[in-house]
Amino acid sequence: DTAVSQTPKYLVTQMGNDKSIKCEQNLGHDTMYWYKQDSKKFLKIMFSYNNKELIINETVPNRFSPKSPDKAHLNLHINSLELGDSAVYFCASSQAGGYTGELFFGEGSRLTVL
Amino acid sequence: AQSVTQLDSQVPVFEEAPVELRCNYSSSVSVYLFWYVQYPNQGLQLLLKYLSGSTLVESINGFEAEFNKSQTSFHLRKPSVHISDTAEYFCAAMYSGGGADGLTFGKGTHLIIQP
């Protein structure tokens, strides 16, 4: 059983489109995250979601919006896609608000915007 | 702003040779430190962590890291590397007040093992 699963694994789309990436965790964790990894492998947190509290990285454009239907899911919606949005997006989860630092990552969703 | 610095973007080393991957963090009263590993086309996996106690921490596959508060470093070492250690290694920190704010990652070091 995959602990943190993301779909789709690959996504190729045109500029201006709206797309979503889904994430599910079966670990019973109460905190979920979205990270963006750029072409230089740099990882940057976009959002964290803990017990219905959303913490947003202030540098994330408002075209990006996380949606959590329940504790096990945190989906990422992206509106009006731009070329610079091309990256690998990782979902992660942790227990107890992540204070132990152990995050469990999905395998990533590679988004290519043409 | 808090930061984590990995000075080496790439480290080539011969198989069975020792290796050190460097990591420095910005100083803070309270910080937790981690090393994550990313194998090709996979997500990140926790390799080892320092929360408190002994400053030398070890992983199950032979890596170790030492928390050095005076030098604000958390370098990763392995006495003898194997081809299967080829991966991207990320140093990360969680500062006080972190938790749901997530981890601050360094830019990663690509470890290349040469036969």
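Scroll up to find the structure.
From a predicted model like this one, the values you see are computed outputs, not experimental measurements.

Participant: Talk me through the interface of chain A and chain B; I want residue IDs and the actual numbers.
Facilitator: Opposite the 23 residues of chain A that make contact, chain B presents 23 residues. Together chain A and chain B conceal approximately 1,800 Å² of surface at their shared face, both sides included; 58% is due to carbon and sulfur atoms. In this assembly, chain A and chain B are joined by 0 salt bridges. At the surface where chain A touches chain B, the tally comes to 3 residue pairs in polar contact (both at pLDDT 80 or more). Among the secondary structure elements, those contributing two or more residues to the side of chain A that touches chain B are strand S4 (31-37) and strand S5 (43-50) of chain A. Taken together, the residues of the side of chain A that touches chain B sort by class into 10 nonpolar, 9 polar and 4 charged.

Participant: I'd like to hear about the pattern of salt bridges, residue by residue, with values.
Facilitator: For the structure on display, the rule yields 6 salt bridges over all chains. With a shortest N-O distance of 3.5 Å, Glu 82 of chain A and Arg 63 of chain A are connected by a salt bridge. With Glu 82 of chain A in the loop between strand S8 (73-78) and strand S9 (87-94) and Arg 63 of chain A in the loop between strand S6 (53-56) and strand S7 (64-70), the pair connects residues that are 19 residues apart, well separated along the chain. Take Glu 82 of chain A: its relative accessible area is 41%, and that puts it in the partly exposed class. Between Arg 77 of chain B and Glu 20 of chain B there is a salt bridge, with the nearest N and O atoms lying 2.9 Å from each other. Of the two residues, Arg 77 of chain B is situated in strand S9 (residues 73-78) and Glu 20 of chain B in strand S3 (residues 19-21); the sequence distance between them amounts to 57 residues.

Reading guide: rules and limits
Residues numbered from 1 in each chain as written. Chains lettered and ligands numbered in written order. Predicted model: local features only at pLDDT ≥ 70, side-chain atom pairs only at ≥ 80, totals over all residues. Heavy atoms only, no water. Contact = heavy atoms within 4.5 Å. Buried area = accessible area lost by both parts, 1.4 Å probe. Salt bridge = Lys/Arg side-chain N within 4 Å of Asp/Glu carboxyl O. Polar contact = N/O pair within 3.5 Å; in protein donor to acceptor, adjacent residues only side chain to side chain. Helix = DSSP H or I, 4+ residues; strand = E, 2+ residues; numbered from the N terminus. Nonpolar A, V, L, I, M, F, W, Y, C, P; charged D, E, K, R; others polar. Buried < 20%, exposed > 50% of the residue type's maximum accessible area, 1.4 Å probe, protein only.

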